[in-house]
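Coordinate analysis (summary)
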Amino acid sequence: MSHASPFLEVERLTKHFGGLTAVNSVTFQVARGQMVGLIGPNGAGKTTLLRLITRILKADSGKVRFKGRDITRAKPWDVVNMGIAGTFQVTRPFRRLPIIANVMVACLSPRAMKKGEWVKTIDARAMDALEFVGISDLAREPASCLSHGDLRRLEIARAIATDPELLLLDEPFSGLNPAETELLAKSIRRLHKGGRFGRLHSEGPAMIIIEHKLAELMKIVDRVIVLDFGELIADGSPDEIVKNERVIEACIGKGVT
Ligand SMILES: Nc1ncnc2c1ncn2[C@@H]1O[C@H](COP(=O)(O)OP(=O)(O)OP(=O)(O)O)[C@@H](O)[C@H]1O
Ligand SMILES: [Mg+2]
């Protein structure tokens with residue numbers, strides 16, 4: 001790994017679904033530890049772009065490099081082991097397993113094991129992740145008892161339990177009330193600072209966060225990229241983005257707030 005190589009490089013990444021180009025030659029880079037918002041109208045290709053990075057979906061063309069390594073053809077589990085974790089727009093827990101067990105499964109990834117995390121410590125590590133997102137009091141309940149908001153928190157606990165260096169969050173605030181949103185935003189900021197969960201890395205993970213709640217998003221991120229019809233139409237600071245004519249027309253004018 002060369003020190004000159006950027007942390008995450010996405011180069012002319014393209015994905016078609018039949019005749020539809022969901023992601024169209026998208027190029028951007030993310031620096032280590034950077035907080036990036038990903039916005040755009042419904043159907044713009046945001047979720048598809050994150051799924052291409054985590055390799056849940058195969059790209060038709062273009063490249064993804066992570067810490068200098070080409071991961072364009074890597075397996076999804078290899079990508080997790082390299083330090084990329086994501087949450088999904090639709091949550092799918094093991095509903096009949098206790099909440100803590102749902103997180104312990106993520107702790108069993110070779111990435112966590114390689115770092116000397118053995119079975120005895122997995123329970124504690126999973127509990128840490130649950131405490132971090134604020135649902136540790138429910139740890140022994142089945143996942144089926146969780147509210148929509150708490151399911152989103154469980155997803156984040158599972159992702160951070162793999163000790164990611166790059167965390168991809170797909171609409172973490174969707175379905176949360178303002179108080180829950182504020183609570184989760186605080187956790188995300190704390191995670192970014194390294195804080196308690198920065199045990200294995202001195203700094204918190206870089207993040208790409210898809211979110212329609214722009215006011216909340218802008219308080220967390222230091223950069224925003226904008227997709228419209230699969231194309232990257234803007235990339236800048238939150239201040240620049242809210243003033244960008246093309247962005248206003250594509251998103252804000254269409255009621256994305
Ligand atoms: N598996 C799939 N098969 C066919 N078409 C798909 C598939 N996944 C996404 N699409 C289409 O690709 C386009 C981009 O979808 P995507 O889910 O990435 O958008 P999005 O920006 O995440 O939207 P939203 O804000 O509504 O979540 C949409 O037109 C969608 O219908
Ligand atoms: Mg989406």
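Quantities reported herein were computed from a predicted structural model and do not represent experimental measurements. (Residues numbered from 1 in each chain as written. Chains lettered and ligands numbered in written order. Predicted model: local features only at pLDDT ≥ 70, side-chain atom pairs only at ≥ 80, totals over all residues. Heavy atoms only, no water.)

When its secondary structure is counted, the protein chain shows ten helices and ten strands. Evaluated residue by residue, the protein chain yields a buried proportion of 53% over its 257 residues. Expressed as a percentage of contacts within the protein chain between residues at least 6 apart in sequence, the contacts between residues at least 24 apart total 67%. Accessible area for the protein chain stands at about 11,900 Å²; split by element, carbon and sulfur atoms hold 54% of it. (Helix = DSSP H or I, 4+ residues; strand = E, 2+ residues; numbered from the N terminus. Buried < 20%, exposed > 50% of the residue type's maximum accessible area, 1.4 Å probe, protein only. Contact = heavy atoms within 4.5 Å. Areas by Shrake-Rupley, 256 points an atom, 1.4 Å probe, with all protein chains shown as cover.)

Our next topic: the site of ligand 1. Near ligand 1 lie 14 residues; those nearest to it are Asn42, Gly43, Lys46, Thr47 and Thr48. Contacts to ligand 1 include Gly45, whose backbone N or O atom sits 3.0 Å from an oxygen atom. One of the side-chain N or O atoms of Lys46 is found 2.7 Å from an oxygen atom in ligand 1. When ligand 1 is considered free in solution it has 640 Å² of accessible area, and contact with the protein chains removes 63% of it. (Near = heavy atom within 4 Å. Polar contact = N/O pair within 3.5 Å; in protein donor to acceptor, adjacent residues only side chain to side chain.)

On to the layout of surface pockets. The volume enclosed by the second largest pocket comes to roughly 150 Å³. Along the wall of the second largest pocket there are 14 residues; nearest its centre are Asn42, Gly43, Ala44, Gly45 and Phe229. Tallying contributions element by element places strand S2 (residues 20-30) first for the lining of the second largest pocket, with three residues. When its residues are assigned to classes, the lining of the second largest pocket shows six nonpolar, six polar and two charged. (1 Å grid on protein atoms, 1.4 Å probe; cavity = no way out; pocket = protein on both sides within 12 Å on 5 of 7 lines; lining within 4 Å. Points joined across faces, edges and corners; volume = space filled by probe spheres on them. Nonpolar A, V, L, I, M, F, W, Y, C, P; charged D, E, K, R; others polar.)

We now examine empty space enclosed by the protein. Overall, the coordinates contain two cavities of 30 Å³ or more when judged by the stated rule. In this structure, the second largest cavity is lined by Thr47, Leu50, Arg51, Thr54, Gly86, Thr87, Phe88, Leu168 and Asp170. Residue assignment for the lining of the second largest cavity shows that the elements contributing at least two residues are helix H1 (46-53) and strand S7 (166-170). If one sorts the elements of the lining of the second largest cavity by residue count, H1 sits on top with three residues. Here the lining of the second largest cavity is composed, by residue class, of three nonpolar, four polar and two charged.

Turning to the environment of Glu211, a few remarks are in order. You can see Glu211 is positioned in the loop between strand S8 (206-210) and helix H8 (214-220). Between the C-alpha atoms of Glu211 and Asp170, which are 41 residues apart in sequence, the distance is 6.9 Å. Discounting residues that sit within four places of it in the chain, Glu211 has contacts with Leu38, Ile39, Glu171, Pro172, Phe173, Ser174 and Leu217. Separated by 3.1 Å, the side chain of Glu211 and the backbone nitrogen of Lys213 make a polar contact.

The next thing to look at is H1. Among the eight residues that make up H1, six are buried, leaving the element largely enclosed by the rest of the structure. Of all the positions in H1, only Lys46, Thr48, Leu49, Leu50, Leu52 and Ile53 are classed as buried.

In this section: the packing of aromatic side chains. Counting across every chain of the model gives one aromatic pair. The interplanar angle of 65 degrees and the centroid separation of 5.0 Å between the aromatic rings of Phe7 and Phe66 together place this pair among those described as edge-to-face. Of this pair, Phe7 sits in the segment before strand S1 (8-17) while Phe66 sits in strand S4 (residues 61-66); the two residues are 59 residues apart in sequence, bridging distant segments of the chain. Phe7 sits in the buried class, given a relative accessible area of 6%. Relative accessible area serves as the criterion here: at 0%, Phe66 is assigned to the buried category. When the ring centre of Phe132 is taken as reference, the NZ or CZ atom of Arg190 above it lies at 4.4 Å. (Phe/Tyr/Trp six-rings, centres within 6.5 Å; stacked < 30°, edge-to-face > 60°. Lys NZ or Arg CZ within 6 Å of the ring centre and 35° of its normal.)

What follows concerns the sheet that holds S8. Strand order in the open sheet formed by six strands is S6-S7-S8-S3-S9-S10, with mixed pairing between adjacent strands. Pairing within the sheet leaves two strands with one partner each, and these edge strands are strand S6 (84-86) and strand S10 (231-236). When strand polarity is set aside, the average angle formed by the axes of neighbouring strands in this sheet is 15 degrees. Here S7 pairs with S8 via five bridges, running parallel. Note on S8: the bridge partner recorded for Asp170 is Ile210. The strands touched by helix H6 (residues 148-161) are S6 and S7; relative to S7, the strand with the most contacts, the crossing angle is about 165 degrees. Its contacts with the sheet put helix H7 (residues 178-192) on strand S3 (35-39), S7 and S8, and the angle it makes with S8 is roughly 155 degrees. (Pairing = 2+ DSSP bridges. Axes fitted to C-alpha atoms, helices over the stretch in contact; angles between N-to-C directions.)

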